[in-house]
Amino acid sequence: MTGPGINGPAAGEGPSGGMDRFTVDAQGWMRGVRHVPSPNYDARPPGAAIELIVVHSISLPAGRFGTEDVERLFTNRLDTAQPGYGDLAGLKVSAHLFIRRDGEVVQFVPFAARAWHAGVSRWQGRERVNDFSVGIELEGTDRGPFEDSQYRALIDVTRALAMVYPAVDSERLCGHSDIAPGRKTDPGPFFDWARYRAALAAASDPE
Ligand SMILES: [Zn+2]
């Protein structure tokens, strides 16, 4: 079940608690997070609904956490003349949300718009996954685990999204590697899908 049931009396007892800390306004901005508007988006196709959450991971420089460089990349302010960043020159990318290691959530693009996070992609036979998805980047790598604070934030923002976009449920969560196999590997083998799905399934249980 999704929709109103997700806000049932038991929902606040879910694994992460505090589910009301995030809400989504009419323009598709999440309240309770930091907003850093990115120019890297365009309109979703007419009639497109938000039906899927795509989980990514990223760190810049690779494997280093706590820098400002992901925010710079997503807002076209990264100095790509720095060593190691040559591949990023001219790239126009973004995500809707970025969750830092301490659980802080940053929003770059309103959910109503199409963020440029997935690239060439396919989900259940449908191309151009950016059209109908929300992209969430976790600060991290393929080579190590994510933080509890990141799971708590991810679960809470996903619950808030499911409240306003009822097609999103525990089955409509995937990784970038699932929709761009052979091209992308994130969020990688350390991401705990069972934990994420179970928390979402529990939240949407009408009992
Ligand atoms: Zn990705």
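Above this note sits the structure.
Figured I'd write up the structure that's included with this text.

**Considering the packing of helix 2 (residues 148–164) against helix 4 (residues 193–203)**
Step number 1: The geometry of helix 2 relative to helix 4 is characterised by a closest axis approach of 10 Å and an angle of 40 degrees between their N-to-C directions. The angle between the axes of helix 2 and helix 4 places the two elements in the oblique class. The crossing of helix 2 and helix 4 is right-handed. Between helix 2 and helix 4, the contacting residues are Tyr151, Leu154, Ile155, Thr158 and Arg159 on the first element and Arg195, Tyr196, Ala199, Leu200 and Ala203 on the second.
Step number 2: For the contact of helix 2 with helix 4, a count of residues per class yields 7 nonpolar, 1 polar and 2 charged.

**Description of helix 2**
Step number 1: The first and last C-alpha atoms of helix 2 sit 25 Å apart over 17 residues, in line with the 24 Å expected at 1.5 Å per residue.
Step number 2: Across the 17 residues that make up helix 2, a large majority, 13, are buried.

**Focus on the pairing of strand 5 (residues 52–58)**
Step number 1: Burial runs high along strand 5: 7 of the 7 residues are buried.
Step number 2: Alternating residues of strand 5 divide into Leu52, Val54, His56 and Ile58 and Ile53, Val55 and Ser57, and every residue in both groups is buried.
Step number 3: Sheet topology places strand 5 next to strand 11 (residues 133–139); 7 bridges connect them, and they run parallel. Looking at the pairing, histidine 56 lines up with glutamate 137 of strand 11.
Step number 4: Sheet topology places strand 5 next to strand 12 (residues 173–175); 3 bridges connect them, and they run parallel. Across the sheet, residue valine 54 finds its bridge partner in strand 12, namely cysteine 174.

**Examining the environment of serine 133**
Step number 1: Among the structural elements, serine 133 can be located in strand 11.
Step number 2: Sequence separation between serine 133 and leucine 52 is 81 residues, and the spatial gap between their C-alpha atoms is 4.6 Å.
Step number 3: Beyond its immediate stretch of four places on either side in the chain, serine 133 contacts Ile50, Leu52, Ile53, Val54 and Ala118.

**A short note on the nonpolar core**
Step number 1: By size, the foremost hydrophobic cluster in this structure holds 47 residues, and its most contacted members are Ile53, Leu97, Ile99, Ile136, Leu154, Val157 and Leu161.
Step number 2: The leading source of residues in this core is helix 2, at 9 residues.
Step number 3: Once residues lying within four places of it in the same chain are set aside, the contact partners of leucine 97 are Val105, Val106, Gln107, Ile136, Glu137 and Val157.

Definitions and limits used
Residues numbered from 1 in each chain as written. Predicted model: local features only at pLDDT ≥ 70, side-chain atom pairs only at ≥ 80, totals over all residues. Axes fitted to C-alpha atoms, helices over the stretch in contact; angles between N-to-C directions. Helix = DSSP H or I, 4+ residues; strand = E, 2+ residues; numbered from the N terminus. Parallel < 35°, antiparallel > 145°, perpendicular 65-115°, else oblique. Left-handed = near helix turned anticlockwise from the far one by under 90°. Contact = placed C-beta atoms within 7 Å. Nonpolar A, V, L, I, M, F, W, Y, C, P; charged D, E, K, R; others polar. Expected span 1.5 Å × (residues − 1). Buried ≥ 20, exposed ≤ 12 C-beta atoms within 10 Å, placed from the backbone. Pairing = 2+ DSSP bridges. Core = buried A, V, L, I, M, F, W, Y, C linked by C-beta atoms within 7 Å.

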